[in-house]
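# Architecture and fold: a report
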Amino acid sequence: MAVVDKEKIDNILVMLKNLEYGSLVITIHAGNITQIDCTEKNRFATQKSINK
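Computed from a predicted structure; not experimentally measured.

## Re unusual backbone geometry
Located in the positive-phi region is A30, a residue other than glycine, with phi close to 55°. By secondary structure assignment, the location of A30 is in the loop between strand 1 (22-29) and strand 2 (32-40). Under the relative-accessibility criterion, A30 is labelled exposed at 70%.

So, in structure tokens, the structure goes:
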């Protein structure tokens, strides 16, 4: 098992705490975290047309 440094763990935790809707992808290469991608979803309510 690879050892993950505190900076990477802290970064992941901050991203998770700030994410309401979306995804967090952690890329591992040769047993080490090489990249963290955070995608946040923003959805807006649509108004239905009155003149249908």
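## Topic: the pairing of strand 1
Two strands pair when backbone bridges link them, and strand 1 and strand 2 are joined in this way by eight bridges, in the antiparallel orientation. Within strand 2, the residue paired with I28 across the bridge is I33. Taking the residues that link successive antiparallel strands as the turn, the strand 1-strand 2 hairpin has two residues, and the phi of A30 there is positive, at about 55°.

## Details of the pattern of salt bridges
In this structure the tally under the stated criterion is one salt bridge. With a closest N to O distance of 2.9 Å, K6 and D10 form a salt bridge. Here the residue K6 and the residue D10 both occupy positions in helix 1 (residues 6-18), the gap between them amounting to four residues, near one helical turn.

## Examining a nonpolar patch on the surface
Among the surface-exposed residues, V4, I9, L13 and L16 lie close enough to one another that they form a single nonpolar patch of about 310 Å² accessible area. Residue position: L16 is located in helix 1.

About the criteria used
- Residues numbered from 1 in each chain as written.
- Predicted model: local features only at pLDDT ≥ 70, side-chain atom pairs only at ≥ 80, totals over all residues.
- Heavy atoms only, no water.
- Helix = DSSP H or I, 4+ residues; strand = E, 2+ residues; numbered from the N terminus.
- Buried < 20%, exposed > 50% of the residue type's maximum accessible area, 1.4 Å probe, protein only.
- Pairing = 2+ DSSP bridges.
- Salt bridge = Lys/Arg side-chain N within 4 Å of Asp/Glu carboxyl O.
- Patch = residues over 30% accessible without salt bridge, like charges linked within 9 Å, V, L, I, M, F, W, Y side chains within 5 Å.
- Areas by Shrake-Rupley, 256 points an atom, 1.4 Å probe, with all protein chains shown as cover.

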